[in-house]
Amino acid sequence: MSTPTSDDYVVRAIRPDEWAAVRQLRLDALRDPVAHLAFLETYEEAAARTDAFWQDRAAGSGEGSTAARQFIAEAPDGTWAGTLTVLVEEAGTKDWAGDPVDRRQGHVVGVFVRPEHRGNGLIGTLFDAGVRWAWEQRAERVRLFVHRENERAQGAYRRFGFEPSGRVVAFSKNEAETELELVLERRS
């Protein structure tokens, strides 16, 4: 059997009733060798969360939500090959770090593609869906934060058009380390 291309996947929003699959994909992502650089929670923290937490998370980022949207890539065999989530941040609010948000923007989090599905363009397909949804929500830009040492992710994000904003924040799991903000401005 040939290796699937990005066109062989169905990229879609999760459904709230798929919370158990959302949980399993997150736990799998947290086992990735670079998870310590890419995610703010540990496997142990996520595994300890209640079913109600995962149900709320799926409802809050599934089909129909306008505050957040989690996209998954479904492989031809029905397995979930990858994911990303876009949060909508409103102007006049504060972001996760307590800093003011000066314009409506999308914030990409939770990016993960299973190792056996990497290298075929799937991550770009997920980003296309996430960014398109952010524009549909009237975002003026889309941003993400990436650990300074996660060069593989930085390279991928730059290929999708994200550029450094100049903002550097302390990595919440270790204040001695930093993350870079990368942004994609909406073209008029």
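A brief report on the enclosed structure follows.

What counts, and where the lines are drawn
- Residues numbered from 1 in each chain as written.
- Predicted model: local features only at pLDDT ≥ 70, side-chain atom pairs only at ≥ 80, totals over all residues.
- Heavy atoms only, no water.
- Helix = DSSP H or I, 4+ residues; strand = E, 2+ residues; numbered from the N terminus.
- Buried < 20%, exposed > 50% of the residue type's maximum accessible area, 1.4 Å probe, protein only.
- Contact = heavy atoms within 4.5 Å.
- Phe/Tyr/Trp six-rings, centres within 6.5 Å; stacked < 30°, edge-to-face > 60°.
- Lys NZ or Arg CZ within 6 Å of the ring centre and 35° of its normal.
- Pairing = 2+ DSSP bridges.
- Axes fitted to C-alpha atoms, helices over the stretch in contact; angles between N-to-C directions.

**Let's talk about the environment of glycine 78**
By the element assignment, glycine 78 lies in the loop between β2 (68-74) and β3 (80-89). Taking the C-alpha atoms as reference, glycine 78 lies 9.1 Å from valine 10; in sequence the two are 68 residues apart.

**Observations concerning unusual backbone geometry**
Of note in this structure, arginine 138 is not a glycine but carries a positive phi near 70°. Along the chain, arginine 138 turns up in the loop between α5 (122-136) and β5 (141-147). Judged by relative accessible area, arginine 138 falls into the exposed class, the value being 59%.

**Some words on helix α1 (residues 19-29)**
When α1 is considered as a whole, its buried residues turn out to be Val22, Leu25, Arg26, Leu27, Asp28 and Ala29. Against α2 (35-38), α3 (43-47), α4 (51-61), β2, β3 and β4 (105-113) lie the buried residues of α1.

**Comments concerning the packing of aromatic side chains**
Overall, the coordinates contain 5 aromatic pairs when judged by the stated rule. Put simply, the rings of Phe127, Tyr157, Phe160 and Phe162 pair up and form one aromatic cluster. Over the ring of phenylalanine 53 we find arginine 49, and its NZ or CZ is 4.4 Å from the ring centre.

**Section: the sheet that holds β5**
Across the sheet, which stays open at both edges, the 7 strands sit in the order β1-β2-β3-β4-β5-β7-β6 with mixed pairing between neighbours. Of all the strands in the sheet, the pair left with one neighbour each is β1 (10-13) and β6 (163-171). The sheet shows a mean angle of 25° between the axes of neighbouring strands, direction not considered. For β5 and strand β7 (residues 174-185), the ladder comprises 7 bridges, and the chain directions are antiparallel. Opposite histidine 147, over in β7, you have glutamate 179 as the bridge partner.

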